[in-house]
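This is what each chain is made of:
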Amino acid sequence: ELIGALLAGPLADRFGRRVVSIGSTFLCGVAGMCSALADNVLIFILFRTLTGVGIGMFCVPFDLVGEFMPSSTRGLILSIYQYWWCIGSMYTVLTAWLVLPSWRALVILCAAPVLVAGVCMVFIPESPRWRLAQGRNQEAQRILTDMAKSNRPQKPVPNIQLERTLLKDEHGSV
């Protein structure tokens, strides 16, 4: 997990939050599935290590979600988001109780929800904040406009002007 956590930030800054979020989720899910198919200990350890790297990179989806939240509700929403770790832990225990001693079934059933999450992440747009940091203002504006349309805003979305103060905002909202 430490390796994934150390790689996550620089990769997300270079390639985008969305790309790294999707990649880490599929890395974790596919490596988890492959570990269930391992026919020797070395292959099993390799795939479990890759699963751990993917888990370590799960800080990026957290950041991606946070960059979409207004500062007024970000703390609450991200706290609720963290409850999914507890739900996942309870799912794992319940699944183990139901399927053990078949460890392969347990590993497959624990990796499957991660793959479903990866498919769902494909529909999440890139962070407008990251687009701004890359100088891709029109793309950031389009994402915000599309989000506003789907949320039926009371006010029109203002045009984005790239200002370094926006990107250095300690609260992190666009």
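Residues numbered from 1 in each chain as written. Predicted model: local features only at pLDDT ≥ 70, side-chain atom pairs only at ≥ 80, totals over all residues. Heavy atoms only, no water.

Student: Before we go on, may I ask you to explain the packing of aromatic side chains in this structure?
Tutor: The way to describe two aromatic rings as a pair is by their centre distance and the angle between their planes. Inspection of the entire model under this criterion finds three aromatic pairs. Ring centres of Phe 58 and Trp 85 lie 6.0 Å apart, and the angle between their planes is 45 degrees; on these two criteria the pair is classed as tilted. You can see Phe 58 sitting in the loop between α3 (41-56) and α4 (59-68) and its partner Trp 85 sitting in helix α5 (residues 74-99), a full 27 residues away along the chain. Accessibility expressed as a relative area gives 44% for Trp 85, which makes it partly exposed. Aromatic pair Phe 62 and Tyr 81: ring centres 5.6 Å apart, planes at 55 degrees, arrangement tilted. Note that Phe 62 is positioned in helix α4 and Tyr 81 in helix α5, a separation of 19 residues in sequence. (Phe/Tyr/Trp six-rings, centres within 6.5 Å; stacked < 30°, edge-to-face > 60°. Helix = DSSP H or I, 4+ residues; strand = E, 2+ residues; numbered from the N terminus. Buried < 20%, exposed > 50% of the residue type's maximum accessible area, 1.4 Å probe, protein only.)

Student: I keep staring at the side chain of Glu 67 and nothing clicks. Help me out?
Tutor: Tracing the backbone through its elements, the reader meets Glu 67 in helix α4. With relative accessibility at 13%, the residue Glu 67 sits in the buried group. There is a polar contact of 2.3 Å between the side chain of Glu 67 and the side chain of Ser 127. In this structure, Glu 67 is in contact with Arg 17, Ser 127, Arg 129 and Trp 130, ignoring residues within four places of it in sequence. (Polar contact = N/O pair within 3.5 Å; in protein donor to acceptor, adjacent residues only side chain to side chain. Contact = heavy atoms within 4.5 Å.)

Student: I would appreciate a short explanation of a nonpolar patch on the surface in the present structure.
Tutor: A contiguous nonpolar patch, built from Leu 76, Ile 80, Tyr 83, Trp 84, Ile 87 and Met 90 and spanning about 710 Å² of accessible area, is present on the exposed surface. As for its position among the elements, Met 90 is in helix α5. (Patch = residues over 30% accessible without salt bridge, like charges linked within 9 Å, V, L, I, M, F, W, Y side chains within 5 Å. Areas by Shrake-Rupley, 256 points an atom, 1.4 Å probe, with all protein chains shown as cover. Salt bridge = Lys/Arg side-chain N within 4 Å of Asp/Glu carboxyl O.)

Student: It is not clear to me how the pattern of salt bridges should be interpreted in this structure. Could you clarify?
Tutor: For side chains bearing opposite charge, pairing can occur when the charged atoms are close. Within this structure, the stated rule accounts for five salt bridges. We note a salt bridge from Arg 136 to Glu 139, for which the minimum N-O separation is 3.0 Å. A relative accessible area of 28% means that Glu 139 is categorised as partly exposed. Among the charged side chains, a salt-bridge network with shared partners connects Asp 13, Arg 17 and Glu 67.

Student: Please explain the side chain of Ser 21 as it appears in this structure.
Tutor: With respect to the helices and strands, the residue Ser 21 is situated in helix α2 (residues 17-37). Not counting residues up to four positions away in its chain, the partners in contact with Ser 21 are Val 60, Pro 61, Leu 64 and Met 121.

Student: I keep staring at the packing of helix α1 (residues 2-15) against α2 and nothing clicks. Help me out?
Tutor: When two helices pack together, you describe them by how their axes are tilted relative to each other and by the distance separating the axes. Contact geometry of α1 with α2 gives a least axis separation of 7 Å together with a crossing angle of 130 degrees. As the angle between them shows, α1 and α2 are arranged oblique. Contacts between α1 and α2 involve Ala 8, Leu 11, Ala 12, Asp 13 and Phe 15 on the former and, on the latter, Arg 17, Val 19 and Val 20. Class assignment of the residues belonging to the contact of α1 with α2 gives a composition of six nonpolar, no polar and two charged. (Axes fitted to C-alpha atoms, helices over the stretch in contact; angles between N-to-C directions. Parallel < 35°, antiparallel > 145°, perpendicular 65-115°, else oblique. Nonpolar A, V, L, I, M, F, W, Y, C, P; charged D, E, K, R; others polar.)

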